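# Summary of the model geometry
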Amino acid sequence: RGYKMLEQRDRAFARLLLTTAERRSGQIDKIIGHLARRGKTKKRNSDLLCNAALRVGIAQILFLRTPAYAAIKETVDVLRMHCSIRIE
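### Considerations on the environment of threonine 20
Counting through the fold element by element, threonine 20 comes out in helix H2 (residues 8-23). What makes threonine 20 buried here is its relative accessible area of 4%. In this structure the C-alpha to C-alpha distance between threonine 20 and leucine 64, which are 44 residues apart in sequence, comes to 8.1 Å. Beyond its immediate stretch of four places on either side in the chain, threonine 20 contacts Ala59, Phe63 and Leu64.

And the structure:
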């Protein structure tokens, strides 16, 4: 629904974000695992979305040369909207 409504340029960028995050998922997951503070909590469905948002944000900064301020802002906005986590 939403993807097909995007202009071709935006669809290409979305594809690039997802394929880069997927291709580099091993490296990105190591970074997340190293930096995340994990308590013993029950996994929720929103955890998948939160991890996906973090992966895409990290991929933008490390592998796509997206300006850090832009990648961070968009990632934090998604996390605030869809994840029940505290962002410091």
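What follows continues from the structure just given.
### As for helix H5 (residues 68-82)
A rise of 1.5 Å per residue sets the reference length of H5, with its 15 residues, at 21 Å; its end C-alpha atoms lie 21 Å apart and thus fit the reference within 8%. When we look at burial in H5, the residues that qualify are Ala71, Thr75, Val76 and Leu79. Each buried residue of H5 lies within a common arc of 120 degrees when the element is viewed along its axis, so the set occupies one face. The exposed residues of H5 that point more than 90 degrees off its buried face are Tyr69, Arg80 and Met81.

### Here we look at H2
Compared with the 22 Å implied by 1.5 Å per residue over 16 residues, the 22 Å span of H2 between its first and last C-alpha is a close match. Within the span of H2, buried status applies to Ala14, Leu17, Thr20 and Ala21. Buried residues in H2, looked at end-on, bunch into an arc of 135 degrees, giving them a common side. Exposed residues lying more than 90 degrees from the buried face of H2 are Gln8, Glu22 and Arg23.

### Comments concerning unusual backbone geometry
Even without being a glycine, arginine 65 presents a positive backbone phi close to 60 degrees. Secondary-structure assignment places arginine 65 in the loop between helix H4 (45-63) and H5. For arginine 65, a relative accessible area of 79% gives the class exposed.

### A short note on the confidence of the model for the protein
Within the protein, residue pLDDT values average 86, and 82% of them lie at 70 or more. The weakest mean pLDDT in the protein belongs to helix H1 (residues 2-5) at 83; the strongest belongs to H2 at 94.

### Quick notes on the layout of surface pockets
Volume-wise, the second largest pocket comes out at about 290 Å³. Considering the residues around the second largest pocket, the lining is formed by Tyr3, Ala14, Leu17, Leu18, Ala21, Glu22, Ser25, Ala52, Arg55, Val56 and Gln60. When residues of the lining of the second largest pocket are assigned to their parent elements, the largest contribution, 5 residues, is made by H2. Partitioned by chemical class, the residues of the lining of the second largest pocket number 7 nonpolar, 2 polar and 2 charged.

What counts and what doesn't
Residues numbered from 1 in each chain as written. Predicted model: local features only at pLDDT ≥ 70, side-chain atom pairs only at ≥ 80, totals over all residues. Heavy atoms only, no water. Helix = DSSP H or I, 4+ residues; strand = E, 2+ residues; numbered from the N terminus. Buried < 20%, exposed > 50% of the residue type's maximum accessible area, 1.4 Å probe, protein only. Contact = heavy atoms within 4.5 Å. Expected span 1.5 Å × (residues − 1). Arc of directions from axis to C-beta. pLDDT = per-residue confidence, 0-100. 1 Å grid on protein atoms, 1.4 Å probe; cavity = no way out; pocket = protein on both sides within 12 Å on 5 of 7 lines; lining within 4 Å. Points joined across faces, edges and corners; volume = space filled by probe spheres on them. Nonpolar A, V, L, I, M, F, W, Y, C, P; charged D, E, K, R; others polar.

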